Amino acid sequence: MKTTFQMENPKGLTQHEVDQKLINEGYNELPSSKPKSIIQIALGVVKEPMFLLLVACGTLYLVLGDIQEGFMLLSFVFVVMGIEFFQEKKTEKALDALKDLASPRALVIRNGETIRIAGRDVVTDDIVVLQEGDRVPADAVVLSCINLSADESLLTGEPVPVSKREWKEGDTTFTPGGDELPIVYSGSMIVQGNGIVRVVATALNTEIGKIGKALQSVKEEPTQLKREMGTLVKRLAIIGAALCVLVIVIYTLTRGDLLNGFLAGITLAMAMLPEEFPVVLTIFLALGAWRMSKKNVLTRNPAAVETLGSATVLCTDKTGTLTQNKMTVTRLYNGNDFTDVVSGETFTDPFHEIIEYGILSSQANPFDPMEKAIINIGDKFLQNSEHIHTDWIMEKEYSLSKELLAMSRVFSNTGTKEQVIATKGAPEAVFDLCHLDTKSIEKYEKAVSEMASTGLRVLGVARAKIIQDVLPSIQHDFEFEFLGLIGLSDPIRENVPAAVAECYKAGIRVIMITGDYPVTATNIGKDIGIKNPELFITGSELEKMTEIELCKRIQKVNIFARVIPEQKLKIVNALKKNNEIVAMTGDGVNDAPALKAANIGIAMGEKGTDVAREASSLVLMDDNFSSIVGAVKMGRKIFDNLQKALAYIFAIHVPIAGLSLIPVFFADLPLILWPVHIVFLELIIDPACSIIFEAEKEETNVMSRPPKDINEPFFGAKKILLSCSQGIGILVISLLVYFVGLKMGYSETGVRTLTFVTLIISNIAVILSNRSWTSNIFTILFTPNKAVKWVVGGAVFFLLLILNIQFLLNLFQFERISWLELLVCTAAGFSSIIWFELYKQIKKV
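Structural notes, computed from the coordinates. (Residues numbered from 1 in each chain as written. Predicted model: local features only at pLDDT ≥ 70, side-chain atom pairs only at ≥ 80, totals over all residues. Heavy atoms only, no water.)

**As for the pattern of salt bridges**
Here comes step 1: Evaluation of the coordinates by the stated rule reveals 24 salt bridges.
Here comes step 2: A salt bridge links E152 to K164; the shortest N-O distance between them is 2.4 Å. Of the two residues, E152 sits in the loop between β4 (139-151) and α5 (153-156) while K164 sits in the loop between β5 (162-163) and β6 (183-184), which places them twelve residues apart along the sequence. Each member of the pair, E152 together with K164, is buried.
Here comes step 3: In this structure, the salt-bridge partner of E837 is K840, at a minimum N-O distance of 3.0 Å. With E837 and K840 both in helix α30 (residues 834-844) and three residues apart, this pair spans about one turn of that helix.
Here comes step 4: Judged by its relative accessible area of 10%, E837 falls in the buried class.
Here comes step 5: Here the salt bridges do not stand alone but share partners, grouping K21, E25, D125 and R198 into one network. (Salt bridge = Lys/Arg side-chain N within 4 Å of Asp/Glu carboxyl O. Helix = DSSP H or I, 4+ residues; strand = E, 2+ residues; numbered from the N terminus. Buried < 20%, exposed > 50% of the residue type's maximum accessible area, 1.4 Å probe, protein only.)

**Structural notes on the packing of helix α23 (residues 675-692) against helix α27 (residues 786-804)**
Here comes step 1: Running from N to C, α23 and α27 cross one another at 170°; their axes reach a closest spacing of 9 Å. By the angle between their axes, α23 is roughly antiparallel relative to α27. Residue-level inspection shows F680, I684, P687, A688, I691 and I692 of α23 in contact with α27, the latter providing A787, V788, V791, A795, F798, L799 and I802. (Axes fitted to C-alpha atoms, helices over the stretch in contact; angles between N-to-C directions. Parallel < 35°, antiparallel > 145°, perpendicular 65-115°, else oblique. Contact = heavy atoms within 4.5 Å.)

**Some remarks on the nonpolar core**
Here comes step 1: In this structure, M229, F625, L642 and Y648 are the most contacted members of the largest nonpolar core, which totals 111 residues.
Here comes step 2: The element that contributes the greatest number of residues to this core is helix α22 (residues 625-661), accounting for 19 residues.
Here comes step 3: With residues up to four places along the chain from it excluded, the contact list for F625 reads L314, T316, T321, L322, V496, A499, V500, C503 and V510.
Here comes step 4: Ranked by size, the runner-up nonpolar core spans 29 residues in total, among them C551, F560, V572 and A592. (Core = buried A, V, L, I, M, F, W, Y, C linked by side-chain atoms within 4.5 Å.)

**Brief notes about the sheet that holds strand β15 (residues 457-466)**
Here comes step 1: Spatially, β11-β10-β16-β15-β14-β13-β12 is the arrangement adopted by the seven strands of the open sheet, whose pairing is antiparallel. The open sheet is flanked by β11 (338-340) and β12 (393-398), the only strands paired with a single partner. Sheet twist, expressed as the mean angle between neighbouring strand axes with direction ignored, is 25°.
Here comes step 2: Summarising the sheet, strand β14 (residues 419-425) and β15 pair through seven bridges and their orientation is antiparallel. Across the sheet, residue T423 finds its bridge partner in β15, namely A462.
Here comes step 3: Contacts from helix α11 (residues 352-360) reach β10 (328-333), β13 (406-412), β14, β15 and β16 (481-489), with the element oriented near 85° to β16. (Pairing = 2+ DSSP bridges.)

**As for the sheet that holds strand β22 (residues 618-620)**
Here comes step 1: Read across the open sheet, the eight strands follow the order β8-β22-β21-β20-β9-β17-β19-β18; overall the sheet is mixed. Two strands bound the open sheet, and with one partner strand each, they are β8 (297-299) and β18 (537-538).
Here comes step 2: Of the strand pairs in this sheet, strand β20 (residues 582-586) and strand β21 (residues 600-604) are connected by four bridges, and their pairing is parallel. Bridging across to β21, M584 finds its partner in G601.
Here comes step 3: Along the sheet, α22 makes contact with β8, β9 (313-317), β17 (509-513), β20, β21 and β22, crossing β9 at roughly 155°.

**Digging into unusual backbone geometry**
Here comes step 1: The residue N111 is not glycine, and still its phi comes out positive at about 55°.
Here comes step 2: Residue position: N111 is located in the loop between β1 (105-110) and β2 (113-118).
Here comes step 3: The partly exposed category is assigned to N111, whose relative accessible area is 47%.
Here comes step 4: A positive phi angle, near 50°, is found at A203, a position not held by glycine.
Here comes step 5: By the element assignment, A203 lies in the loop between β7 (189-201) and α6 (207-210).

**So, the packing of aromatic side chains**
Aromatic ring pairs are described here by two measures, namely the spacing of the ring centres and the angle between the planes.
Here comes step 1: For the coordinates displayed, the defined rule picks out 19 aromatic pairs.
Here comes step 2: Here F680 and F756 contribute two aromatic rings whose centre-to-centre distance is 5.9 Å and whose plane-to-plane angle is 55°, an arrangement assigned as tilted. Of this pair, F680 sits in helix α23 while F756 sits in helix α25 (residues 748-770), and the two are 76 residues apart along the sequence. The residues F680 and F756 share a single accessibility class, namely buried.
Here comes step 3: An aromatic cluster is defined as three or more aromatic residues linked by ring pairs; in this entry it consists of Y333, F338, F431, Y444 and F482.
Here comes step 4: The ring of Y398 carries the charged tip of K396 above its face, separated from the ring centre by 5.1 Å.
Here comes step 5: Note that R562 overlies the ring of Y517, its terminal NZ or CZ placed 4.0 Å from the centroid. (Phe/Tyr/Trp six-rings, centres within 6.5 Å; stacked < 30°, edge-to-face > 60°. Lys NZ or Arg CZ within 6 Å of the ring centre and 35° of its normal.)

**Topic: the environment of R198**
Here comes step 1: Within the secondary structure layout, R198 lies in strand β7.
Here comes step 2: For R198 and I127, which are 71 residues apart along the polypeptide, the C-alpha to C-alpha distance reads 4.7 Å.
Here comes step 3: Of note is the side chain of R198, whose polar atom sits 3.4 Å from the side chain of D125. (Polar contact = N/O pair within 3.5 Å; in protein donor to acceptor, adjacent residues only side chain to side chain.)

**What to know about the environment of E25**
Here comes step 1: Take E25: it is sitting in helix α1 (residues 15-25).
Here comes step 2: Overall, the relative accessible area of 34% leaves E25 in the partly exposed class.
Here comes step 3: On a C-alpha basis, the gap between E25 and T202 in space is 8.4 Å, while along the polypeptide they are 177 residues apart.
Here comes step 4: Setting aside residues up to four positions removed in sequence, E25 forms contacts with V123, T124 and T202.
Here comes step 5: Among the polar contacts listed, one links the side chain of E25 to the side chain of T124, at a separation of 2.6 Å.

Given below as structure tokens:
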């Protein structure tokens, strides 16, 4: 059978040839944004308010003649740069890993095998298989094709797809634009047909490379969360600036010292500055997306991570997502009798023609799992028989359409003028093509129902013969003869029932959308645990329904059967009209509108087209339903931990600001905090909120609570109040230690030491307590988190160094304290979280 997949080099390149070409030519990628250099990161830090405040403080100390403190503060600039560099590189590494996963893929033939690779790994002379929905990975000449059309608007600006033809002897060079060119261009999209091409140019040598259209990162609109954080930061910055000016004025008026007044004001500004917010947000979303990719879910749009926690409905395809996508032909019907196909046995001659014409109506090198199954059964049972036609030439293909769910292929039979047409498709479409009478249709529909009731996917097969030069334009003009039915099984994935149950527990409704018969869909719905599996809507019913009717019916119906991809958009819109937050899966070109319309579009990574991937927010790398549920769980965890990090930032900034501000109003009270103390605290706060909380395990109730309201602010007034209450608790305890110390006659440096140690211990306590908002402190301490050991251990280690080395004692304006005093401060610090621990337990009840 000569088809589109004949080629001059059927084996493609060897791995050795590929390796050599990669060395000589490099990867097939265009220049994009380069990672930030150390200098760029340093310049970024220079622009930050915290840097400017540090430089201002250091300079003021030098002016005042305090050389040691001045240089120490200025040296902290490099520590801040180091932390910034570490965070930048960690985020960059995560984003690079995602970029590699997100690059378009290519189906190539190498060493005689068809394999899927990243587009960047394509080299010249690679043989690439192109199918509808694929993004062309490189400039290539067309070796063979069927109805091949490409959208080249990226290159030419023309929105109308252009047709392609096969390369002929004597063809020279071409430029993009116009029909019937024998070349496809990198970056264009295959919108119809399929073909085999040989790569002639990659990377900068392609047409898109020559005109300099490097695919730079698209500047995205800020997400709702980023906007919310931006507003919060601005408000806090304004309050901080106002208080800073107030402190300078009051300090100067009450103590008559302008320079120290500036230092006190800058100290408060540093205490109030919420510079961690944007850093934490960037790190959490980048590392969260990277962690999700490790769970086989690629995040193409950061906003999807935000929306995941609010998803109320999960619409999923059946084939390959709920099932294993391992189609096998298990039953055949020839119009009168059934036969079961059992491995290792043969099946009788009356059933051979069904497989013969099933093979003829399939692609020779199929991507579709059903066509693969039909080809495989032919290889097993009909090899070297008269039913395999390697010498037939394919003349024309009639593609599947939403109007007629059947496809036909026309072959010329070598040695005769007769042409043979093989068709397969949905049984009702094949019955229609065969112009069967009512009695025959009823008979065959019973056979279909019997096969579908056992969970089989059913296809009809027919043939026709014709002797004429001009082929008709539509399939209906052939005189088809019905041959029989093919029943294919696709087992349910083992982990799907548990994942569906987890969805319901998490308040997420599961809707199954399939092209199967209702009876098949109902049986699978029962097996996986979908609610109301006996209720369903078919594609034909859906077509006739008004939006109002659908909105009403869809409140209870969770199964849609005999649905075509274009109808998914109608389902999405109805659910959204009912105020649902919709996650929708899809894999084909026709799924793209529904994926784009859904709140969260989820494309299939293995069997999905590039069009579907580009229209989606998430890509499922293993096409597994359980991975979607895992992504929802991960999304909820990311946002829980982000809330904890922000709550901690609020909580710890309240006592720092309070201890910087309150003593200023009283001329006889010694100041507690100076810039050096704030910097030390920041060196604990930054890693704590960006490393400890990001790495924290999910809460035990993460999938047993309803979805978050999409309109609810991420960090609203209630959470701010709770966080500030924690901060007030720390402030009260710290001030208690401060005033008791003064009352007991401690010196200024002694009181400062006791108060600061209490503040540091309180800081550590609030970090530990906020790791979980449901578990108590004792459970938290035994919950592993490697980052805690390093951050908390480092804080304690450096605090002990400061308390025991004279140079550091002088620098921090401290004095030595006894172990008993240290123990009292520790007890005081941990007492600041008692009320929050009680609150957690009361909230549980």
